[in-house]
Amino acid sequence: MTTDERSLILLAQAGDGAAFQAITRLYRERVTRLAFNMLGQMEDAQDVCQDAFLRLHQSLGSVDSNRPLGPWVYRIASNLCVDLLRRRKARPQTVDLPPEWEANTPEERDDGSPQEQILKQETQRKVLEAIQLLPPKDRTVVTLRYLDDLPYSDIAQSLGTTEANVMMRMSRARRKLREILKDPCGDGLG
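Everything quoted here is computed from the prediction, not taken from an experiment.

Conventions we followed
- Residues numbered from 1 in each chain as written.
- Predicted model: local features only at pLDDT ≥ 70, side-chain atom pairs only at ≥ 80, totals over all residues.
- Heavy atoms only, no water.
- Helix = DSSP H or I, 4+ residues; strand = E, 2+ residues; numbered from the N terminus.
- Buried < 20%, exposed > 50% of the residue type's maximum accessible area, 1.4 Å probe, protein only.
- Contact = heavy atoms within 4.5 Å.
- Areas by Shrake-Rupley, 256 points an atom, 1.4 Å probe, with all protein chains shown as cover.
- Axes fitted to C-alpha atoms, helices over the stretch in contact; angles between N-to-C directions.
- Parallel < 35°, antiparallel > 145°, perpendicular 65-115°, else oblique.
- Left-handed = near helix turned anticlockwise from the far one by under 90°.
- Nonpolar A, V, L, I, M, F, W, Y, C, P; charged D, E, K, R; others polar.
- Patch = residues over 30% accessible without salt bridge, like charges linked within 9 Å, V, L, I, M, F, W, Y side chains within 5 Å.
- Salt bridge = Lys/Arg side-chain N within 4 Å of Asp/Glu carboxyl O.
- Lys, Arg positive; Asp, Glu negative; His and termini not counted.
- Charge placed at Lys NZ, Arg CZ, Asp CG, Glu CD.
- Polar contact = N/O pair within 3.5 Å; in protein donor to acceptor, adjacent residues only side chain to side chain.
- Phe/Tyr/Trp six-rings, centres within 6.5 Å; stacked < 30°, edge-to-face > 60°.
- Lys NZ or Arg CZ within 6 Å of the ring centre and 35° of its normal.

(A) Expanded view of the overall build of the chain. Looking only at helices and strands, one finds nine helices and zero strands in the chain. Counting over 190 residues, the chain shows a buried share of 38%. Relative to all contacts within the chain whose residues are 6 or more apart in sequence, the contacts with residues 24 or more apart total 69%. When the accessible surface of the chain is summed, it comes to about 10,800 Å², and 50% of that surface belongs to carbon and sulfur atoms.

The structure is reproduced here in structure tokens:
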């Protein structure tokens, strides 16, 4: 945690609206990505993001300013996603990345020929669709680890569990993803 983040938390707890907006700006994109990767629909992801920050605001008094805020926010968002998935029961069939999440650096963009770029985008879409087929708890750990690049310790803290449990979920999720991606015709990804 940076001293800036700690200062923002303390100011927001004291009622400074600008500080809370700064916190929201720090985490909005990451929370939206998490929700999108879990839910597969941008509208739902934006709703979850808004609800997560509303809940954060309502419980600011219980936030420990000496601990990183990220895992706490991720926990709220991932719980909201799991709740929505349970209510919805339906899984999206296709996933389209928002344009602003496309490659941003020249190294990411310049992958060679247009055919190679199309193949890369198609592979990325299939992987995201496969992630959507995972159970919500497995989907959460995969999203936090690979799409948000969080270490196991932060994931464990975000989910209120142990690192060993996170590693077990990750292993199970990887195995399921391999099965889904190996036999795409059997699960609708082909």
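Here the narrative resumes, following the displayed structure.
(B) Focus on the packing of helix H2 (residues 17-39) against helix H3 (residues 42-58). Running from amino to carboxyl end, H2 crosses H3 at an angle of 140°, the nearest separation of the two axes being 8 Å. Here H2 is positioned oblique relative to H3, judged by the angle of their axes. Crossing of H2 against H3: the hand is right-handed. On H3, the residues that touch Phe20, Ile23, Thr24, Tyr27, Arg28, Val31, Thr32, Ala35, Phe36 and Leu39 of H2 are Met42, Asp44, Ala45, Val48, Cys49, Ala52, Phe53, Leu56 and His57. Broken down by class, the residue content of the contact of H2 with H3 amounts to 14 nonpolar, three polar and two charged.

(C) Examining a positive patch on the surface more closely. Taken together, the side chains of Arg174, Arg175, Arg178 and Lys182 define a basic patch exposed on the protein surface. Assignment of secondary structure puts Arg178 in helix H9 (residues 163-182).

(D) Main features of the environment of Thr140. Take Thr140: it is sitting in helix H7 (residues 136-147). What makes Thr140 buried here is its relative accessible area of 3%. Note: C-alpha distance between Thr140 and Leu34 (106 residues apart in sequence) is 7.9 Å. Setting aside its immediate chain neighbours within four residues, Thr140 contacts Met38, Ser78, Val82 and Leu159. There is a polar contact of 2.8 Å between the side chain of Thr140 and the backbone oxygen of Pro136.

(E) Molecular detail of the packing of aromatic side chains. One pass over the full model with this rule turns up zero aromatic pairs. When the ring centre of Tyr152 is taken as reference, the NZ or CZ atom of Arg145 above it lies at 4.8 Å.

(F) Spatial organisation of the side chain of Arg139. Position of Arg139 among the secondary structure elements: in helix H7. In this structure, Arg139 is buried with no salt-bridge partner, the nearest side chain bearing the opposite charge being Asp138 at 9.0 Å. From its side chain, Arg139 meets the backbone oxygen of Leu134 in a polar contact 2.9 Å long.

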